[in-house]
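# Tertiary structure, described
Each chain is listed here by its residues.
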Amino acid sequence: MCIFEIFKQERSFFLSKSIKNAILSREWKKAVQNGYITFYLQPKYSFTDEKVVGAEALIRWNHPKKGPISPSEFIPLLEKRGLIQMIDTWMLESVISQIGVWNKLGLSEQFQISVNVSADTLQSSQFIKSIKRALKQSEVLPNQLEIEITERVQLQNIHHVLKNLKCMQKLGIQIALDDFGIGYSCLTYLTQYPVDTLKIDRSFVWQLPNEKNASIIIRGLIQMAYELGMKVVAEGVESKEQYDFLKNHGCHTLQGFFKHKPIPVHEFETQFFRKPAAV
């Protein structure tokens, strides 16, 4: 059963919510077990020396019959059914485990890998415990991990979210605010949540350098981030003109097709790691 067949069943009035959840959960677990679920890494580059300083982990589902299934198709479905924490848990554990493998191999570069986490997971009382357990099991330092949260989400339990974010930051895990600038309450997030990095939304970057309002907004965001002691990442950089504008105005890091598309983990290793030290 593929995700499209599951989607059809979502529209059926003859299946209860619990049955729909079970079907989707079973399909997800089957895909994980068979290796159809994986993650790619999109490198992040420093504007200062153009070296890779990290990467964002992006989930991929390659169905054996239907081929690649876009996250924009299956993630909203899992969110609707209240099963999004399955993705978050799998991604966090997989990424942390991979970093641990690199550490044990003695790879010379130690990149910080970013993982997106949903509002549902951020509100979980078990979230911090699961991260601590995964870091300890894989022997990964907290500063090798960055958690990305989005300002698009409507966070329901502010108390738990704040508690978890502060605990992560205290551990040494970096916090990035993704898609910054497009939400109605983006500045409120900066006053409420502990944030280390702002990721300027691609919808602004794509308008550079010719759209005057977008240019003004991005210059202002970069300056504001400097004043707040935060780093700035521009996502969706796709042209030399965008790159030059961002570099000239002091942006720290870029991510986008202009420098590199998302690639499988083994390709990332081949391209960006030096040969491992003798073990």
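Throughout, a residue's number is its position along its own chain's written sequence, starting from 1. Local features in this predicted model are restricted to residues of pLDDT 70 or higher, and side-chain atom pairs are both shown and tallied only at a pLDDT of 80 or more, whereas totals for entire chains, interfaces and linings draw on every residue. Based on all heavy atoms of the structure, the side-chain values leave hydrogens and waters out of the count.

Attention shifts here to the overall build of the protein chain. Each helix and strand in the protein chain was counted, giving 12 helices and 10 strands. For every residue, the accessible area (1.4 Å probe, protein chains only) is compared with the maximum for its type, and the residue is labelled buried under 20%, exposed over 50%, or partly exposed between those bounds. Out of the 279 residues in the protein chain, the part that is buried amounts to 50%. Any two residues whose heavy atoms approach within 4.5 Å are treated as being in contact. The contacts in the protein chain between residues at least 6 apart in sequence include a share of 68% that link residues at least 24 apart. As displayed, the protein chain offers around 14,400 Å² of accessible surface, 52% of which is attributable to carbon and sulfur atoms. Numbering of helices and strands runs from the N terminus; a helix is a DSSP stretch of H or I covering at least four residues, while a strand is a stretch of E covering at least two. Calculation of accessible area relied on Shrake-Rupley with a 1.4 Å probe; when residues are assessed, cover is drawn exclusively from the protein chains displayed.

Our focus in this paragraph is the nonpolar core. By nonpolar core we mean a set of buried residues, namely Ala, Val, Leu, Ile, Met, Phe, Trp, Tyr and Cys, connected to one another through side-chain atoms within 4.5 Å. The biggest cluster of nonpolar side chains holds 75 residues, and the ones touching the most others in it are Trp28, Ile147, Met168 and Phe268. Take this core: its biggest share by element is 10 residues, from helix 4 (residues 84–105).

A few words now on the confidence of the model for the protein chain. pLDDT is defined as a per-residue confidence score from the predictor, taking values between 0 and 100. Across the protein chain, the average pLDDT comes to 84, with 83% of residues at 70 or higher. Here helix 1 (residues 3–10) stands out as the least confident element of the protein chain, with mean pLDDT 49; helix 11 (residues 240–248) is the most confident, with 97. Counting interchain partners and residues more than four positions distant, the pLDDT-below-50 stretch residues 9–15 has 11 contacts.

Okay, the pairing of strand 1 (residues 37–46) next. Burial runs high along strand 1: 8 of the 10 residues are buried. Only when DSSP finds a minimum of two bridges between them are two strands counted as paired. Judged from the 9 bridges that link them, strand 1 and strand 2 (residues 52–63) form a sheet pairing that is antiparallel. The partner of Pro43 across the bridge, within strand 2, is Ala55. Pairing between strand 1 and strand 10 (residues 263–264): 2 bridges, direction antiparallel. Bridge pairing in strand 10 places Tyr40 opposite Pro264. Bridge count between strand 1 and strand 9 (residues 253–255): 2 bridges; the pairing is antiparallel. Paired with Ser46 across the strands is Thr253, a residue of strand 9.

This part is about the environment of Val232. By the secondary structure assignment, Val232 is in strand 8 (residues 231–235). Separated by 18 residues in sequence, Val232 and Gly250 have C-alpha atoms that sit 8.8 Å apart.

Considering the arrangement of structural elements, one finds Glu148 in strand 5 (residues 145–150). Put simply, Glu148 and Ser114 are 34 residues apart on the chain and 6.5 Å apart in space, counted from C-alpha to C-alpha. Excluding residues that lie within four positions of it along the chain, Glu148 makes contacts with Lys44, Glu56, Ser114, Val115, Asn116, Val117, Ala176, Asp178 and Lys199.

Of the volumes computed, that of the largest pocket is approximately 1,100 Å³. With a 1 Å grid laid over protein atoms only, a set of points is called a cavity when a 1.4 Å probe fits there but cannot get out and a pocket when it is open yet has protein on both sides within 12 Å along at least five of seven lines; lining residues have an atom within 4 Å of a point. Surrounding the largest pocket, 37 residues form its lining, Leu58, Pro71, Ile75, Asn116 and Asp178 being those nearest its centre. Looking at the lining of the largest pocket, the elements with two or more residues in it are strand 2, helix 3 (71–80), helix 4, strand 4 (112–116), strand 5, strand 6 (174–180) and helix 9 (202–205). Residues of the lining of the largest pocket, tallied by class, amount to 15 nonpolar, 10 polar and 12 charged. Grid points are joined across faces, edges and corners, and a volume is the space filled by probe spheres set on the points. Under the grouping applied here, Gly and all other residues not named as nonpolar or charged are polar, the nonpolar ones being Ala, Val, Leu, Ile, Met, Phe, Trp, Tyr, Cys and Pro and the charged ones Asp, Glu, Lys and Arg.

Next up on the list: the packing of aromatic side chains. Any two rings among Phe, Tyr and Trp, with Trp reduced to its six-membered ring, count as a pair given centres within 6.5 Å; such a pair is stacked if its planes are under 30 degrees apart, edge-to-face if over 60, and tilted if neither. Considering all chains together, one arrives at 10 aromatic pairs under this definition. Centroid distance Phe47 to Tyr243: 5.1 Å. Interplanar angle 40 degrees. Geometry classified as tilted. Placement of the pair is Phe47 in the loop between strand 1 and strand 2 and Tyr243 in helix 11, with a sequence separation of 196 residues. Judged on exposure class, the residue Phe47 and its partner Tyr243 are both buried. With a centroid separation of 6.1 Å and 25 degrees between ring planes, the pair formed by Trp102 and Phe268 is classed as stacked. Placement of the pair is Trp102 in helix 4 and Phe268 in helix 12 (residues 265–272), with a sequence separation of 166 residues. Here Trp102 falls in the buried class, since its relative accessible area comes to 5%. Among the residues examined, Phe268 registers a relative accessible area of 0% and is labelled buried. Linked through ring pairs, Tyr45, Trp102, Phe111, Phe268, Phe272 and Phe273 together constitute an aromatic cluster. Its end group placed over the ring of Tyr45, Lys259 keeps NZ or CZ at 4.9 Å from the ring centre. The criterion is that NZ of a Lys, or CZ of an Arg, lies within 6 Å of the ring centre and within 35 degrees of the ring normal, and then a charge sits over that ring.

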